[in-house]
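Summary of structural features
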Amino acid sequence: MWGSRMALRRLQKIAVAPLSIKEGITNKVQREMSTLQRVYVTRQIPPEGLKILKESGQVQFELWDSDDVPVSRAELLKKVKGVDGLLCVLTEKIDAELLDAAGPSLKVLSTMSVGFDHLSLDELKKRGIRVGYTPEVLTDAVAELTVALLLTTSRRLIEATHEAKTGGWGTWRTLWLCGHELANSTVGILGLGRIGVAIAERLAPFKVKKFLYTDVAPRPELAKAINAEYVSFDELAKQSDFLAVCCALTPETKEICNKELFSKMKNTSIFINTSRGGVVNQEDLYEALSTGQIAGAGLDVTVPEPLPTNHPLFTLKNCVILPHIASASYTTRNAMSALAANNLLLGLRGKPMIKELKL
């Protein structure tokens, strides 16, 4: 497993070597500009990745030069025409329409994300397009944010801050703003991978009594690292005081967290999701929270994103919603950017990527 700081240093060192220039600059540049592989970058990615692309001498790339406003669909369909490579982020839907617009020249797609539910994998496989992605480098940042969100939700920190700011802080009261603590609790993990393990490692010092997990199958090697017990989906719901969702969004996990799950959870349970919004049925979650079926929820991901400000979940004091910032540390985002750039360049050279999806 790569820590994000270690990963960034490593990626900086192994950045694809620049092509050499051994003849007259003017003639060389003119010739290379006509032969360099064309790349489109769909967002103003962090500087480490852009630096790698610029210094590679391998590609000429065009960039959607904004981090605040995503490229429009119409603009994207126009810009991908005839490119050899595409570097995207999770806001871009890479489907048959876009791949048709790009044409047969597109050979490599690199996404600056660990998730790939925005990619039509069957269409990419059918066209023989290689796909790079950025797992592992964001494990630490996501695990840290998950723990922060869990504590913020369970100890009602947003409510407490609001009360302090708006005059609700009066005399000391015995049960005012009481929450739920981790000591002697049972923590359940839905989908045990690198991030789930990293979350458990960070929670263990809080004197958690027991870690449970469920997945498509037992994962004994990962579970051994955190002394976690494999249980059924139903048992995970029934026993967990804190339930952290870490699974990928697939057809099988779509809205797997629904009223059936919430109805089995304790009314003191805290539900946390930092994976993908699509694994949760938000109407069912609202019902569970508003009726006291569960105690609270912390969400870093929703459907859609951004979640409309008039969404019912925003009306609930026991629901903390963040704007998808789990990997948002400077070190991690630069590491993701560098990995995405290296994956792209290696793929365009026909070499093994550092992290490639096996289609």
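What you see is a predicted model, and the numbers here were worked out from it, not measured in a lab.

Quick notes on the rules
- Residues numbered from 1 in each chain as written.
- Predicted model: local features only at pLDDT ≥ 70, side-chain atom pairs only at ≥ 80, totals over all residues.
- Heavy atoms only, no water.
- Helix = DSSP H or I, 4+ residues; strand = E, 2+ residues; numbered from the N terminus.
- Rg over C-alpha atoms; globule rule 2.2 N^0.38 Å.
- Buried < 20%, exposed > 50% of the residue type's maximum accessible area, 1.4 Å probe, protein only.
- Domains from an automatic or database assignment.
- Buried area = accessible area lost by both parts, 1.4 Å probe.
- Salt bridge = Lys/Arg side-chain N within 4 Å of Asp/Glu carboxyl O.
- Polar contact = N/O pair within 3.5 Å; in protein donor to acceptor, adjacent residues only side chain to side chain.
- Nonpolar A, V, L, I, M, F, W, Y, C, P; charged D, E, K, R; others polar.
- 1 Å grid on protein atoms, 1.4 Å probe; cavity = no way out; pocket = protein on both sides within 12 Å on 5 of 7 lines; lining within 4 Å.
- Points joined across faces, edges and corners; volume = space filled by probe spheres on them.
- UniProt positions renumbered as here; feature names shortened; annotations may be inferred.
- Core = buried A, V, L, I, M, F, W, Y, C linked by side-chain atoms within 4.5 Å.
- Pairing = 2+ DSSP bridges.
- Contact = heavy atoms within 4.5 Å.
- Axes fitted to C-alpha atoms, helices over the stretch in contact; angles between N-to-C directions.

1. Re the overall build of the protein chain
In terms of helices and strands, the protein chain carries 14 helices and 13 strands. Taken over C-alpha atoms, the radius of gyration comes to 23 Å for the protein chain, in line with the 21 Å a tight globule of 359 residues would show. Along the first, second and third principal axes, the C-alpha set of the protein chain runs to 80 × 45 × 35 Å. Residue burial in the protein chain is summarised as follows: out of 359 residues, 48% are buried.

2. Examining the domain arrangement of the protein chain
The accessible area lost on association of the parts is a frequent measure of interface size. Partitioning the protein chain into structural domains gives domain 1 (28–136 + 331–357) and domain 2 (138–165 + 178–321). For domain 1 and domain 2, the distance between their C-alpha centres works out to 33 Å. A combined buried area of about 740 Å² lies between domain 1 and domain 2, and 57% of that area is made up of carbon and sulfur atoms. One can count two salt bridges joining domain 1 with domain 2. With a closest N to O distance of 3.9 Å, Glu-136 and Arg-194 form a salt bridge. At the junction of domain 1 and domain 2, the tally comes to three residue pairs in polar contact (both at pLDDT 80 or more). Its residues placed into classes, the side of domain 1 that touches domain 2 shows four nonpolar, three polar and two charged.

3. With respect to the side chain of Glu-123
Its location among the elements puts Glu-123 in helix α6 (residues 121–126). Side-chain polar atoms of Glu-123 contact the side chain of Arg-127, separated by 2.4 Å.

4. Examining the layout of surface pockets
Each pocket or cavity is described by its volume, and for the second largest pocket that value is around 410 Å³. Arg-156, Glu-159, Lys-317, Asn-318 and Cys-319 are the residues nearest the centre of the second largest pocket, which is lined by 25 residues in total. Residue assignment for the lining of the second largest pocket shows that the elements contributing at least two residues are α7 (139–154), α8 (157–166) and β12 (319–321). By residue number, the principal contributor to the lining of the second largest pocket is α8, which donates five residues. Per-class residue counts for the lining of the second largest pocket are 13 nonpolar, eight polar and four charged.

5. Comments concerning the UniProt feature "domain: D-isomer specific 2-hydroxyacid dehydrogenase catalytic" (unreviewed entry) in the protein chain
UniProt records the feature "domain: D-isomer specific 2-hydroxyacid dehydrogenase catalytic" (unreviewed entry) for residues 39–356 in the present numbering. The distance separating the terminal C-alpha atoms of residues 39–356 is 18 Å; by composition the span is 36% helix and 15% strand.

6. A word on the nonpolar core
Ranked by internal contacts, the top residues of the largest apolar core, which has 28 residues, are Leu-53, Leu-87 and Leu-344. Within the residue set of this core, elements represented by two or more residues are α1 (4–13), β1 (37–41), α3 (47–56), α7 and α14 (330–348). In terms of residue count, α14 provides more of this core than any other element does, nine residues in total. Inspection of this core shows a minimum of three residues originating in each of domain 1 (28–136 + 331–357) and domain 2 (138–165 + 178–321). Counting 26 residues, the second largest nonpolar core, distinct from the first, contains Leu-236, Cys-257, Ala-288 and Leu-299.

7. Here's the deal with the sheet that holds strand β4 (residues 108–111)
The sheet built from six strands is open, its strands ordered β2-β1-β3-β4-β5-β13 with mixed pairing. Two strands close off the open sheet at either side, each with one partner strand: β2 (59–63) and β13 (356–357). Bridging between β1 and β2 involves five bridges; their strand directions are parallel. Counterpart to Arg-38 in the pairing with β2 is Gln-60. Its contacts with the sheet place α3 against β1, β2 and β3 (85–88), and it is angled at close to 140 degrees to β2. Strands in contact with α14 are β1, β2, β3, β4 and β5 (130–132); relative to β4, the strand with the most contacts, it is inclined by about 170 degrees.

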